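Structural description and commentary
The lines below spell out each chain.
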Amino acid sequence: MVIKSLIYLGLFAALFAALTAWLAARHEARAEAAFPPEGQILDVDGVAVHAVVMGEGPDVVLIHGSSGNTRDMTFALAPLLAKSFRVIVFDRPGLGYSQSFSAEGETIVEQAEILQKAAAMLGADKPIVAGQSYGGSVSLAWAVTRPDNISALVLIAPAAVPWETPLDSFNRITSTAWGNALVLPLITAYVPDWYVNKALDTVFAPQAAPEGYAEHFGPPLTLRRSSMHANAKQRANLLNEVAELQPRYPEISVPTEIVHGTADTTVGLGWHSERLIEQIPGAELIELEGMGHMPQVVAAPEVAAAIERAAERADLR
């Protein structure tokens, strides 16, 4: 009787796993059909990098944050900048439609290197580089390690100074091989889109996600198994990478503008940007009163103005 029960249990587990894998694959296919690449796929040293290019003028590279993709930047900021700049928006490795190339998770230095090479392929040898949150960390790595390939630096709510809070349990679990195999398929298969759309307001707090943002951004792209795993691995390694990079911030010599909301509880202004400004020579900080973590969306004109100032300081205007 016990053996028979175990057999039935094993059959049920196998059927459930097969159903979960099928549902996850179906949801991923639907996500990619509903939210296809916005731009072109570049081959950078054998790695696929998704790039969106719009506008004319001095080059600006925009780098999205954690769990993001190009659509976060193309909702508001990129179209606004495209009136005066040639804007290049990248998917970071493993996210959106850019390929992951490291089993351990791409470091911020590795991401800066491949995105800089992609920008150069598009003719942007010394762009203004602007990144939000995790993208700010990548932008800092770009400025530190590739100083001959940047004209100015704009940091939007950047994760820049080593922090003391531990990695959250979700990313700690899903960054592992077993979390990737057991937990992520369940999320992709069974978490409904409406739940993810509702969760966006948490990211934007105290603001709400603007009308139309979820429909443009494509949360189902973030729920793909490979994207969540790549993002979790990068998040798990970020603290050590920032700690290693921080001593080199004084080497940054290009004009630097920092934009940060005073109500940002995800990446705190006081801990990060107010300390960072003391470490980069000549850096200027713009504090956005009452703003949360997503000024590139809800305060796009203010962020665009900071990029304009950076262009002027770099004699690109």
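See above for the structure.
What counts and how
Residues numbered from 1 in each chain as written. Predicted model: local features only at pLDDT ≥ 70, side-chain atom pairs only at ≥ 80, totals over all residues. Heavy atoms only, no water. Helix = DSSP H or I, 4+ residues; strand = E, 2+ residues; numbered from the N terminus. Buried < 20%, exposed > 50% of the residue type's maximum accessible area, 1.4 Å probe, protein only. Core = buried A, V, L, I, M, F, W, Y, C linked by side-chain atoms within 4.5 Å. Contact = heavy atoms within 4.5 Å. Pairing = 2+ DSSP bridges.

All right, on to unusual backbone geometry then. Negative phi characterises most residues that are not glycine, and trans characterises most peptide bonds. In this structure, proline 206 follows alanine 205 across a cis peptide bond, with omega equal to 5°. When you line up the elements, proline 206 lands in the loop between α8 (193-204) and α9 (213-217). The phi dihedral of alanine 157 is positive, around 45°, even though this residue is not glycine. The exposure class assigned to alanine 157 is buried, which follows from its relative accessible area of 0%. Although it is not a glycine, aspartate 315 adopts a positive phi angle of roughly 60°.

Here we come to the nonpolar core. Counting residues in hydrophobic clusters, the biggest one holds 41 residues, and the most contacted among them are Phe90, Leu140, Trp142, Tyr249 and Ile252. Breaking this core down by element, the ones donating at least two residues are β1 (40-44), β2 (47-54), β3 (59-63), β4 (86-90), α4 (108-121), α5 (134-145), β6 (152-156) and α11 (225-245). Here this core gets seven residues from one element, more than from any other, and that element is α5. Aside from chain neighbours lying at most four places away, what touches tyrosine 249 is Leu140, Val144, Ala160, Val242, Leu276, Gln279, Ile280 and Pro281. By size, the runner-up hydrophobic cluster in this structure holds 28 residues, among which are Ala76, Ala78, Val87 and Met291.

A few words on the pairing of β3. For β3, a buried count of five out of five residues is recorded, marking the element as mostly surrounded by other parts of the structure. Residues Asp59, Val61 and Ile63 line one face of β3 and the alternating positions Val60 and Leu62 line the opposite face, and both faces are buried. One ladder, built from five bridges, connects β3 with β4; its direction is parallel. Bridge pairing in β4 places isoleucine 63 opposite phenylalanine 90. The sheet contact formed by β3 and strand β5 (residues 128-132) spans four bridges and is parallel. Looking at β5, one finds that leucine 62 is bridged to alanine 130.

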